[in-house]
Each structure stands twice: as C-alpha cells, then as structure tokens.
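In case you want the letters, here they are:
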Amino acid sequence: QGTTYRITFSWSSVAEVSWSPLPAKSIQHGCGKQGAHSYYITGSWSAWNFQMMVPVAHDDGMYEATFRMSARGYEEFQIVRDRDMTQVIHPAEARTTDATVPVRGPDNMGSGKHWLVSGAEFEYIRIRLFVLDGLISVAVTSKTLGMRKFTGASETYAYYVVGSCTGWIFEQMTPCSNLRGRFVFPVCIGNLGLEEFQIVTDKDWSLLLSPAWTHA
C-alpha cells in the first residue's frame, strides 16, 4: 500500500496500457498530494469517533495524532483511511501490545482488531503512521511506554494449517520464494491413511478457508 503509479494509455494501430511506479518526490511536487488519502485514528477514548491524523512536516508519508490516557489506564485504537471502514489499518491480532504482530490493511478485515496502549492517567500518547512506497508502520510513544513500533509484513497475510496433522493447533505455512502469493505446508499421513485440515488467515477463525462440505 502507499505506492502511486502512473497509468499510460495509447491508441494508434494497437491499444496499449502500461503502468510504472512514481518516485515519492515527483508525487509530492508534481501532483501536490500523495494519492489524495487522509488518515484518521479511531479509539476507545473518543467513543470510536474519527480524529484526523496530521501530516508531519518535512517527513514524507508520516502522519501523527495524540490523545490523553484515561483514568482506567488503557485504551484501544485503529487507523482508518479516508473515513472508510473497508480501509482499516489494524494489527493482525486483537488487542495486541506485541510489536512482533504485523500491521495489516488497509482492508475490511479489522473488526475487533485493535492496538492496546497502557499508561498513566492524563499522560499524552503519540501515534505515528508511516505509509509510503508500499511500506507501512505504526509507532506508539509515551513517557511510560517509551516507543513501540509495529510494521507490515512482506506478505499481506499469514496463513496457518489447523488439523489432525497438526494436533489441531496453528502451524504457519511457508511462502514460496519464487511464486508470490503461494504458500506450502508439508503433511505426513498417519496410520489411519488420511488427515483432515483447514486453513486460517492470521489465526482469525472468522477468516477460515475450508471446503463447502465435510470430508471433501
């Protein structure tokens, strides 16, 4: 996400369409705006109302917002592009504080998936979003917390096999290095001569990949 392309269409004897990525500098100075997107933070401290994130001066692709911690000492948040809830930037797992959990989106799969922030009452919390040329990260900074940074993964999502072959626990599939978008997982057939399995996206059972009927 975040990469801007120039699409070229030409029509002489043959119709041709081509596209190529634009350098960040040409986007900023030539178009005057980067993709025309705006970003909003939405969190528990504001009853999930939209709060616009402000572009950071002299730092391409960086946006920030701040809020004050409530008396309960923790809050949750997501980031929404263009006030469109089908374009949510969120962690791969719900209510996470773990910086190893990757950033996902913008997509429509962020229901219930929020970052969890804790701190002292009335403490200022700063949220920074970086999105540029396909890179995305979210950084949370406060006096109590210090700085915690979450980044996107090289693949859009992680996929897990769950089945009799894994003892019904999540086992992550491996992306193919030479075939983008393809994932593999080895299975050893047991004594019964058969195994059952399903595939789950980001350990989220609402994103289950399974056949239309049992024992397919």
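Residues numbered from 1 in each chain as written. Predicted model: local features only at pLDDT ≥ 70, side-chain atom pairs only at ≥ 80, totals over all residues. Heavy atoms only, no water.

Caption draft 1: Broad picture of the sheet that holds strand β18 (residues 197-201). Ordered by their spatial adjacency, 4 strands build an open sheet running β15-β14-β18-β19, and the pairing between neighbours is antiparallel. Sheet topology places β15 (171-172) and β19 (208-209) at the edges, where each strand pairs with a single neighbour. Here β18 pairs with β19 via 2 bridges, running antiparallel. When the bridges of β19 are listed, I199 appears paired with L209. (Pairing = 2+ DSSP bridges. Helix = DSSP H or I, 4+ residues; strand = E, 2+ residues; numbered from the N terminus.)

Caption draft 2: Inspection of the pattern of salt bridges at higher detail. Scanning the entire structure with this criterion turns up 5 salt bridges. Among the ionic pairs, E75 bridges to R72, the shortest N-O distance being 2.9 Å. Residue R95 pairs with E76 through a salt bridge whose shortest N-O separation is 2.9 Å. Of this pair, R95 sits in the loop between β8 (88-91) and β9 (103-107) while E76 sits in strand β7 (residues 74-81); the two residues are 19 residues apart in sequence, bridging distant segments of the chain. Take E76: its relative accessible area is 13%, and that puts it in the buried class. (Salt bridge = Lys/Arg side-chain N within 4 Å of Asp/Glu carboxyl O. Buried < 20%, exposed > 50% of the residue type's maximum accessible area, 1.4 Å probe, protein only.)

Caption draft 3: Spatial organisation of unusual backbone geometry. G105 connects to P106 through a cis peptide bond whose omega is 5°. In this fold, P106 is placed in strand β9. The backbone phi angle of R83 is positive, close to 55°, even though this residue is not glycine. Positive phi outside glycine occurs at K203, with the angle close to 60°. Along the chain, K203 turns up in the loop between β18 and β19. Residue classification places K203 among the partly exposed positions, given a relative accessible area of 39%.

Caption draft 4: Representation of the sheet that holds strand β13 (residues 146-151). Within the open sheet, the 5 strands sit side by side as β5-β6-β11-β12-β13. Their pairing is antiparallel. For this open sheet the edge positions go to β5 (54-55) and β13, each flanked by a neighbour on one side alone. When strand β6 (residues 62-68) meets strand β11 (residues 124-132), the two strands line up antiparallel, connected through 7 bridges. What sits directly across from R68, in β11, is Y124.

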